[in-house]
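A structural walkthrough
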Amino acid sequence: MEFILASGSPRRRQLLEQIGLRDFTVRPTDADESLPAGIHPGEAVERLSARKGMAARLQAGPEALILAADTVVALDGAILGKPGGREEAVSMLTALSGRTHQVYTGVTLIRGEEILTEHEVTAVTFRPLAAAEIDAYVQSGEPMDKAGAYGIQGLGALLAERLEGDYFNVMGMPLCRLGRMLARFGLDLLAGSPLEETT
C-alpha cells in the first residue's frame, strides 16, 4: 500500500520516522489556504488539512493512504500564522510573552472514499520575554517560517516554560492521536512494520 505524506515539513517526516513509518512518499500540495474571518482555530486546521489531503488524492492511486496536517497558533482565539517579516515576528512574540496560547493541529487521513479528519490542541505558556531576547531570537531566523513565530523543537524551547497536552502536536503532528486514527485504517503502529503487513 502506498503511504503519502502531503506535507513538505521536515519535522513531520522526522516524527513519522520516529514512530516506525519510514516507507512513505512525501508529496506537498499547493492547496488553497485561505480562511474566512473569525473561523475557530480547530475548524480552520481541520479544513486546511482536509484540503491538502484532497489535493494529494488527485495525484494518488485509489488504494493509497494519504496523511495531511496543518498547524496554527492561536492567542485569545485569533490565529497567528507565519510572520511576514521581522517586525511581525517581534510583534507576535511580544504578544505571546508571559501568556498562554494554544497550538492546534488538524490531521486528515484519506483512502479511497474514506476520509477521517480530527484535531488536537495543546496549551503552551511562554515565560516573560525581554525585548532583547525577542530581538535575538528573531535574528536567529528560526521564527520566520513558523506559525506563531517560534519553533518548540529549536531555540523556541527556551521560551516555553509549560505545556499542557501533546508536545508533538506543537511540532506539527499529534502522534498519539495519529496512532489512534491510523488504527481505524487497520495500521497498528505498535505491531511493527505496519505498511509491509498491509501490502
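Preceding block: the structure.
Read on for a plain summary of the structure. Everything quoted here is computed from the prediction, not taken from an experiment.

**Description of the packing of aromatic side chains**
Going through the model one piece at a time under the given rule, you end up with three aromatic pairs. Ring geometry for Phe 3 against Phe 24: centres 6.4 Å apart, planes inclined by 70°, an arrangement best described as edge-to-face. Placement of Phe 3 in strand S1 (residues 3-5) and of Phe 24 in the loop between helix H1 (10-18) and strand S2 (25-26) is noted, with a sequence separation of 21 residues between them. Each member of the pair Phe 3 and Phe 24 is classed as buried. Taking 5.5 Å as the distance between ring centres and 75° as the angle between the ring planes, the aromatic pair formed by Tyr 167 and Phe 168 counts as edge-to-face. Residue Phe 168 is classed as partly exposed on the basis of its relative accessible area, which comes to 26%.

**Remarks on the environment of Val 121**
Within the element layout of this structure, Val 121 appears in strand S6 (residues 114-126). Taking the relative accessible area as the measure of exposure, Val 121 reaches 35% and is therefore partly exposed. In this structure, the C-alpha to C-alpha distance between Val 121 and Arg 47, residues 74 residues apart in sequence, is 15 Å. Leaving out residues up to four positions away in the same chain, Val 121 has contacts with Gln 102, Val 103, Tyr 104 and Asn 169.

**Structural notes on the pairing of strand S3 (residues 65-75)**
The element S3 is largely enclosed, with a buried count of eleven among its eleven residues. Alternating residues of S3 divide into Leu 65, Leu 67, Ala 69, Thr 71, Val 73 and Leu 75 and Ile 66, Ala 68, Asp 70, Val 72 and Ala 74, and every residue in both groups is buried. By the bridge criterion, three bridges tie S1 to S3 in an arrangement that is parallel. Residue pairing for S3: Leu 5 is matched across the bridge by Leu 67. Relative to strand S5 (residues 100-111), S3 is paired through ten bridges, and the arrangement is antiparallel. Of the residues in S5, the one forming a bridge with Thr 71 is Thr 105. Bridging between S3 and strand S4 (residues 78-80) involves three bridges; their strand directions are antiparallel. Bridge pairing in S4 links Val 73 to Leu 80. Between the antiparallel neighbours S3 and S4 lie two residues, among them Asp 76 with a positive phi of about 55°.

The rules behind the values
The numbering scheme is per chain: residues are counted from 1 as the chain's sequence reads. Given that this is a predicted model, residues contribute local features only at a pLDDT of at least 70 and side-chain atom pairs are listed and counted only at 80 or more, while totals for whole chains, interfaces and linings are drawn from all residues. Derived side-chain values reflect all non-hydrogen atoms in the structure, with water molecules and hydrogen atoms excluded from consideration. Working definition: a ring pair exists when centres of Phe, Tyr or Trp rings (six-membered ring for Trp) sit within 6.5 Å. Plane angles under 30 degrees give stacked, over 60 give edge-to-face, the rest tilted. Numbered from the N terminus, helices here are DSSP runs of H or I no shorter than four residues, and strands are runs of E no shorter than two. Exposure classes here rest on a 1.4 Å probe applied to the protein chains alone. A residue is buried below 20% of its type maximum, exposed above 50%, and partly exposed in between. Only heavy atoms enter the contact rule, under which two residues are in contact if any of them lie within 4.5 Å. A pair of strands is considered paired only if DSSP assigns at least 2 bridges between the two.

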